[in-house]
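# Commentary on secondary and tertiary structure
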Amino acid sequence: MAQSSTFPEVVELNIGGQVYVTRFETLTAVPKSLLWATFTQNTPANLPKDSKGRFFFDRDGFLFRYILDYLRDSELFLPEFFKERKRLQREADFFQLPELSRRLAAVSKDSSSAEDSGEPEEAELTSPVTSSSSSERPLRSPGGNSGYITIGYRGTYTIGRDIQADAKFRRVARITVCGKISLAKEVFGETLNESRDPDRPPDKYTARYYLKYNFLEQAFDRLAEAGFHMVACSSTGTCSYGSNDPSEDKLWTSYTEYVFSR
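Residues numbered from 1 in each chain as written. Predicted model: local features only at pLDDT ≥ 70, side-chain atom pairs only at ≥ 80, totals over all residues. Heavy atoms only, no water.

If you check an unreviewed UniProt entry, the protein appears there as BTB/POZ domain-containing protein kctd12 from Goodea atripinnis. Quoted verbatim from the Function (unreviewed entry) field of UniProt, the annotation for the protein is "Auxiliary subunit of GABA-B receptors that determine the pharmacology and kinetics of the receptor response. Increases agonist potency and markedly alter the G-protein signaling of the receptors by accelerating onset and promoting desensitization." (UniProt positions renumbered as here; feature names shortened; annotations may be inferred.)

## Some words on the packing of aromatic side chains
All told, the structure shown has 13 aromatic pairs when counted by the stated rule. A ring pair is formed by phenylalanine 7 and phenylalanine 55, whose centres lie 5.6 Å apart and whose planes are at 55°; its orientation type is tilted. Of this pair, phenylalanine 7 sits in the segment before β1 (10-15) while phenylalanine 55 is found in strand β3 (residues 55-57), placing the two residues 48 residues apart along the sequence. Take phenylalanine 7 and phenylalanine 55: they sit in the same class, and that class is buried. Here phenylalanine 220 and tyrosine 258 contribute two aromatic rings whose centre-to-centre distance is 5.1 Å and whose plane-to-plane angle is 75°, an arrangement assigned as edge-to-face. Within this pair, whereas phenylalanine 220 is found in helix α7 (residues 216-225), its partner tyrosine 258 is found in strand β11 (residues 250-261), the two being separated by 38 residues in sequence. Members of the aromatic cluster, each reached through a chain of ring pairs, are Phe7, Tyr20, Phe24, Phe39, Phe55, Phe57, Phe64, Phe94 and Phe95. The aromatic ring of phenylalanine 94 is capped on one face by arginine 59, whose charged end is 4.0 Å from the ring centroid. (Phe/Tyr/Trp six-rings, centres within 6.5 Å; stacked < 30°, edge-to-face > 60°. Helix = DSSP H or I, 4+ residues; strand = E, 2+ residues; numbered from the N terminus. Buried < 20%, exposed > 50% of the residue type's maximum accessible area, 1.4 Å probe, protein only. Lys NZ or Arg CZ within 6 Å of the ring centre and 35° of its normal.)

## Section: the sheet that holds strand β2 (residues 18-23)
An order of β2-β1-β3 is seen for the three strands of this open sheet, with the pairing classed as mixed. At either margin of the open sheet sits one strand with a lone partner, and together these are β2 and β3. Each strand axis lies, on average, 30° off the axis of its neighbour in the sheet, ignoring direction. Two strands pair when backbone bridges link them, and β1 and β3 are joined in this way by three bridges, in the parallel orientation. Bridging across to β3, leucine 13 finds its partner in phenylalanine 55. Relative to the sheet, helix α3 (residues 64-72) contacts β1 and β2, its axis offset from that of β2 by approximately 5°. (Pairing = 2+ DSSP bridges. Axes fitted to C-alpha atoms, helices over the stretch in contact; angles between N-to-C directions. Contact = heavy atoms within 4.5 Å.)

## Some details on the nonpolar core
Leu13, Phe39, Phe64 and Ile67 are the most contacted members of the largest nonpolar core, which has 31 residues in total. Elements represented by at least two residues in this core include exactly β1, α1 (24-27), α2 (34-40), β3, α3, α4 (85-94) and α5 (98-117). The biggest single contributor to this core is α3, with six residues. Each residue touching isoleucine 67, except ones within four places of it in the same chain, is listed here: Leu88, Glu91, Ala92, Phe95, Leu97 and Leu100. Within the second largest apolar cluster, 21 residues are counted, among which are Leu192, Tyr209, Tyr213 and Ala219. (Core = buried A, V, L, I, M, F, W, Y, C linked by side-chain atoms within 4.5 Å.)

## Structural notes on helix α6 (residues 181-188)
Where burial is concerned, most of α6 is hidden: eight out of the eight residues are buried. Turning to α6, its buried residues are Ile181, Ser182, Leu183, Ala184, Lys185, Glu186, Val187 and Phe188. Residue glycine 189 follows α6 closely and has a positive phi angle near 55°.

## Quick notes on the pattern of salt bridges
For the structure shown, the criterion picks out 13 salt bridges. One salt bridge in this structure joins arginine 103 and glutamate 99, with 2.8 Å as the shortest N-O distance. Of the two residues, arginine 103 and glutamate 99 both sit in helix α5, four residues apart, roughly one turn of that helix. With a relative accessible area of 23%, glutamate 99 lands in the partly exposed category. With its nearest N and O atoms 2.9 Å apart, the salt bridge here joins glutamate 186 to arginine 262. Of this pair, glutamate 186 sits in helix α6 while arginine 262 sits in the segment after β11, placing them 76 residues apart in sequence. For the residue pair glutamate 186 and arginine 262, the accessibility class agrees, reading buried in each case. Three or more residues are tied together by salt bridges with common partners; here these are Asp60, Glu84, Arg87 and Glu190. (Salt bridge = Lys/Arg side-chain N within 4 Å of Asp/Glu carboxyl O.)

See below:
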């Protein structure tokens, strides 16, 4: 720890494009970990930095929030139906946090049967730098997991003159996602297309994400699994004819939004 004085008390990090600000003592809380070795066995000049001078690690910027909470607090609570436990375990292995990795592996094994039966899983992951708590509490994301997600879609369908049975029903062009970045990523994971609004911090909000699939029910299933409930919806629509001939089928265009809360 002879070189620790060369680092500032408050350290800025760039983890895969996500910016974090934390204390030096937090980064070095677990002896022999990769972060401990990085910030006690080196000087700032020897470490890779981004264009703004923040220490850079080419890892999953979203999952690092859980790594940091594990170092910062004596406990770590994950969201219900957390679907990236294996990826988080991989991050724990990279940052050389064997106790965290072991606990994640144990929780994954214990929760598999609960997920199959549809029961909510409960788990508590405790930092090795402090004593563990004997009480078990429901999983929750750090800093609270409540919030709103709005799902929107623009679709078209046709209805014939006699509302015939072979009418062409809903065609969804794109499902949009509006809400807090961290909540959207938690629920939709890799099915979330961020190309129109990339590299935003997880505590910010966006109205430019959309999903990589076009099935509303698939989005609703994911929201239900994450503990969200629909609280409101609204829809607007217009009607036109496919041609100037009023005998042709009517073409309806609609835009609908569903608001979910947890």
